[in-house]
Amino acid sequence: IGGLPPLPWLISMSRGDDGEGRKIFIGGLPFGADEAQIRADFGKYGEIEDVYLPRERETDKLRGFGFVTFKDARDAQDASDQMSGERNRP
């Protein structure tokens, strides 16, 4: 998956309530984002267990937000601390 340019989004993130602190919310995703890009950008902080990108039922378009669940809560915290409010640029 490596080698993909980072997405040019302004990230709004918060720690999700998965009971273990491993899930982060990502807002402001462009509608062209995909799971491979999310994994490439967030995988540098640790092993990702799951990426969830909700879609509209009628159109199947992304809804502009998603969730990334890391295997380790420390990795989720690192990603949130480092990328919260930052703009990724190619």
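All figures in this text were calculated on a predicted structure; none of them were measured in a lab.

S.K.: Explain the packing of aromatic side chains to me, please; I cannot follow it from the model alone.
M.R.: In this description, a pair of aromatic rings is defined by centroid distance and the angle of the planes. One pass over the structure, following the stated rule, counts four aromatic pairs. Seen from their ring centres, Phe65 and Phe67 are 6.1 Å apart, and the 90 degrees between their planes marks the pair as edge-to-face. In this structure, Lys23 is placed above the aromatic ring of Phe67, and the distance from its NZ or CZ to the ring centre is 5.7 Å.

S.K.: Can you help me understand the confidence of the model for the chain in this one?
M.R.: When pLDDT drops low, the exact placement of atoms in the prediction is not to be read closely. Here the chain shows a mean pLDDT of 79. Residues at 70 or above account for 72%. Looking at the elements of the chain, mean pLDDT is at its lowest for strand 1 (residues 12-15), recorded as 51, and at its highest for strand 3 (residues 48-52), recorded as 96. Ignoring residues within four places in sequence, the model shows residues 1-5, a span with pLDDT below 50, making eight contacts including any to other chains. Across residues 8-12, confidence stays below pLDDT 50; counting only partners more than four residues off in sequence or on other chains, it has 28 contacts.

S.K.: Help me understand the pattern of salt bridges, please; the structure alone is not making it clear to me.
M.R.: Side-chain pairs of opposite charge can arise where the charged atoms are in close proximity. This structure, assessed with the given rule, holds five salt bridges. Between Glu56 and Arg63 there is a salt bridge; the shortest N-O distance is 3.7 Å. Connected through salt bridges with shared partners, the residues Glu20, Arg22 and Glu49 form a single ionic network.

About the cut-offs
- Residues numbered from 1 in each chain as written.
- Predicted model: local features only at pLDDT ≥ 70, side-chain atom pairs only at ≥ 80, totals over all residues.
- Heavy atoms only, no water.
- Phe/Tyr/Trp six-rings, centres within 6.5 Å; stacked < 30°, edge-to-face > 60°.
- Lys NZ or Arg CZ within 6 Å of the ring centre and 35° of its normal.
- pLDDT = per-residue confidence, 0-100.
- Helix = DSSP H or I, 4+ residues; strand = E, 2+ residues; numbered from the N terminus.
- Contact = heavy atoms within 4.5 Å.
- Salt bridge = Lys/Arg side-chain N within 4 Å of Asp/Glu carboxyl O.

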